[in-house]
Amino acid sequence: MPWPKPLHPPLSTSLSLRDALLTLAVMVVWGTNFVVIRIGVDHFPPLLFACLRFAFALLPAVFFLKRPAVPWSKLAAYGLLIGAGQFGLLFIAIKGFIAPGLASLVVQSQSFFTILLAAAITRERVQPFQFVGLLLAAVGIGVILWHADGTTTPLGIALVLAAALCWAGGNIVSRSTPGVDMLAYVVWTSLFAVPPLFILSWLIEGWPAMRGGLTGAPLAAWAAALWQAVGNVMFGYAVWGWLLSRYAAATVAPTALLVPVFGMGAAAIWLGEPLPGWKFLAAGLVLSGLCINILWPRFAAIRAARHPPSS
C-alpha cells in the first residue's frame, strides 16, 4: 500500500486572510531565528544546541499533551527528518560554514523539494505558472551560490541544501496526517529528535565540548535554546504543519520564501552582515517567484469571473 495516501477531499489552493496572517507571523519568527541560531552555536556545539532545542520542546509538554492519533512510524519519520536532518545539518552549517542571512535564503529550496515530492508521492499537479515561479526563485538562489565568499563555503551550501531536503520530507510526512493537534504532534515528534541528536553530538563533537557548552554558556545562549523550542517548534512548526494539512503544498511551501527577507534583514541589523547589491537582486528574484505562485491563481480567478467562457 502506498504511503502517504493522497488527501481527500482536495486541498484548498487559496489562503484565507487569517491563515495568510498566521503564515506571515511564522515567517517573521523563522526569519529572525537565524540570528538567534548564531547566538546559540557561538556558545554550544551545534548538534548539542539542536538537541536542546527539541528537548525543551519535548519537556515538560509531553506529560500534558495526549499523543496524537498518528502511527509511531510517522512520528518517528518527522522527528528524524526535522530534528537530526534539518536542524542538525543547518546548525552545523551556520557554525562557520555559511553566513546566517545567506542560510535563510538557501534553505528555502525546501519549497522546490516540497512541491516536487508532493507531485511524486501524492500526485499533486504542478501548474505551469508554478514552474515559472520556482524557476525565478531558483535563479535567485543561484545568484547567492555564485557569490559565495569566505563567509560561505561549498560545504555550507551543501549542508543547507541537505537540510532543505529533510525539511521538505518532513512537510510531506506532516501532510499525510491531517486533522491532528499539531502542537501535540510537534511535541511528540521531538521524542525522536532528541536521542539521535544527543548520540551524534557525543560521537562527533565529544563529551568535553558538550560539557563545556552546558557549563559555560551564558544566559543569552540558554534563552536562544528556549526560543528554539517555544517560538520555532511549538509555534512555528505547529502552525506550519496545520497549514500544510489544509492547503496544497504548492500554496503553502512558497510562502517560506519570505523567511530570507526577515533573515537577511535581521542579520544585517544585529550581526552586521553586509547587504551588497547582489543580495537584493537574489531576494528580488526569490520574491518574484513567490508572488507568481501565490497571486497568479487570484488573478486568474478574477479574469475568469470578468470574462466567462462563451457557451
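Presented here is an overview of the structure given in this document. The structure presented is a predicted model; accordingly, all values stated were derived computationally and were not measured.

### Structural notes on the overall build of the chain
Link 1 in the chain: When you go through the chain residue by residue, the secondary structure sums to 14 helices and zero strands.
Link 2 in the chain: Its helices and strands taken in sequence order, the chain reads α-α-α-α-α-α-α-α-α-α-α-α-α-α from the N to the C terminus.
Link 3 in the chain: Taken over C-alpha atoms, the radius of gyration comes to 19 Å for the chain, in line with the 19 Å a tight globule of 311 residues would show.
Link 4 in the chain: Dimensions of the chain, computed from the C-alpha atoms along their principal axes, are close to 75 × 50 × 30 Å.
Link 5 in the chain: Buried positions account for 52% of the 311 residues belonging to the chain.
Link 6 in the chain: Taking the intrachain contacts of the chain between residues at least 6 apart in sequence as the baseline, contacts between residues at least 24 apart amount to 91%.
Link 7 in the chain: Placing the 17 positive and 7 negative side-chain charges of the chain at their respective mean positions leaves the two points 12 Å apart.

### Concerning the pattern of salt bridges
Link 1 in the chain: Applying the stated criterion across every chain yields a total of three salt bridges.
Link 2 in the chain: Ionic pairing is found between R18 and D19, a salt bridge with its closest N-O pair at 3.0 Å.
Link 3 in the chain: Among the salt bridges present, the one from R38 reaches D42, with a minimum N-O distance of 3.3 Å.
Link 4 in the chain: Given a relative accessible area of 31%, R38 falls into the partly exposed group.
Link 5 in the chain: Look at D42 and you get partly exposed, because its relative accessible area is 46%.

### Re the environment of L105
Link 1 in the chain: The residue L105 is located in helix α4 (residues 100-106) in this model.
Link 2 in the chain: Separated by 89 residues in the primary sequence, L105 and S16 place their C-alpha atoms 26 Å from one another.
Link 3 in the chain: Other than its neighbours up to four places away in sequence, L105 contacts I141, I144, P260, A282 and V286.

### Here we look at the state of the cysteines
Link 1 in the chain: Going through the model one piece at a time under the given rule, you end up with zero disulfides.
Link 2 in the chain: Looking at C51, it has no disulfide partner, and the nearest cysteine sulfur is the one in C166, 17 Å off.

### Details of the packing of aromatic side chains
The relation between two aromatic rings is expressed through the spacing of the ring centres and the mutual angle of the planes.
Link 1 in the chain: Within the structure shown, the criterion is met by 14 aromatic pairs.
Link 2 in the chain: Arranged with centres 6.0 Å apart and planes meeting at 50 degrees, the rings of W167 and W240 form a pair that is tilted. Taken together, the positions of W167 in helix α7 (residues 154-175) and W240 in helix α11 (residues 219-246) put the pair 73 residues apart, joining distant regions of the chain. This pair shows no difference in class: W167 is buried, exactly as W240 is.
Link 3 in the chain: Linked through ring pairs, F44, F49, F54, F56, F87, F91 and W222 together constitute an aromatic cluster.
Link 4 in the chain: A cation over an aromatic ring shows up here: R53 above the ring of F87, its NZ or CZ 3.5 Å from the ring centre.

### Considering the side chain of K279
Link 1 in the chain: Summarising the element assignment, K279 is placed in helix α14 (residues 277-306).
Link 2 in the chain: In terms of polar contacts, K279 uses its side chain to reach the backbone carbonyl oxygen of P274, at 2.8 Å.

Criteria and cut-off values
Residues numbered from 1 in each chain as written. Predicted model: local features only at pLDDT ≥ 70, side-chain atom pairs only at ≥ 80, totals over all residues. Heavy atoms only, no water. Helix = DSSP H or I, 4+ residues; strand = E, 2+ residues; numbered from the N terminus. Rg over C-alpha atoms; globule rule 2.2 N^0.38 Å. Buried < 20%, exposed > 50% of the residue type's maximum accessible area, 1.4 Å probe, protein only. Contact = heavy atoms within 4.5 Å. Lys, Arg positive; Asp, Glu negative; His and termini not counted. Charge placed at Lys NZ, Arg CZ, Asp CG, Glu CD. Salt bridge = Lys/Arg side-chain N within 4 Å of Asp/Glu carboxyl O. Disulfide = S-S within 2.5 Å. Phe/Tyr/Trp six-rings, centres within 6.5 Å; stacked < 30°, edge-to-face > 60°. Lys NZ or Arg CZ within 6 Å of the ring centre and 35° of its normal. Polar contact = N/O pair within 3.5 Å; in protein donor to acceptor, adjacent residues only side chain to side chain.

Fair warning: the whole summary comes from geometry, so function is off the table for now.
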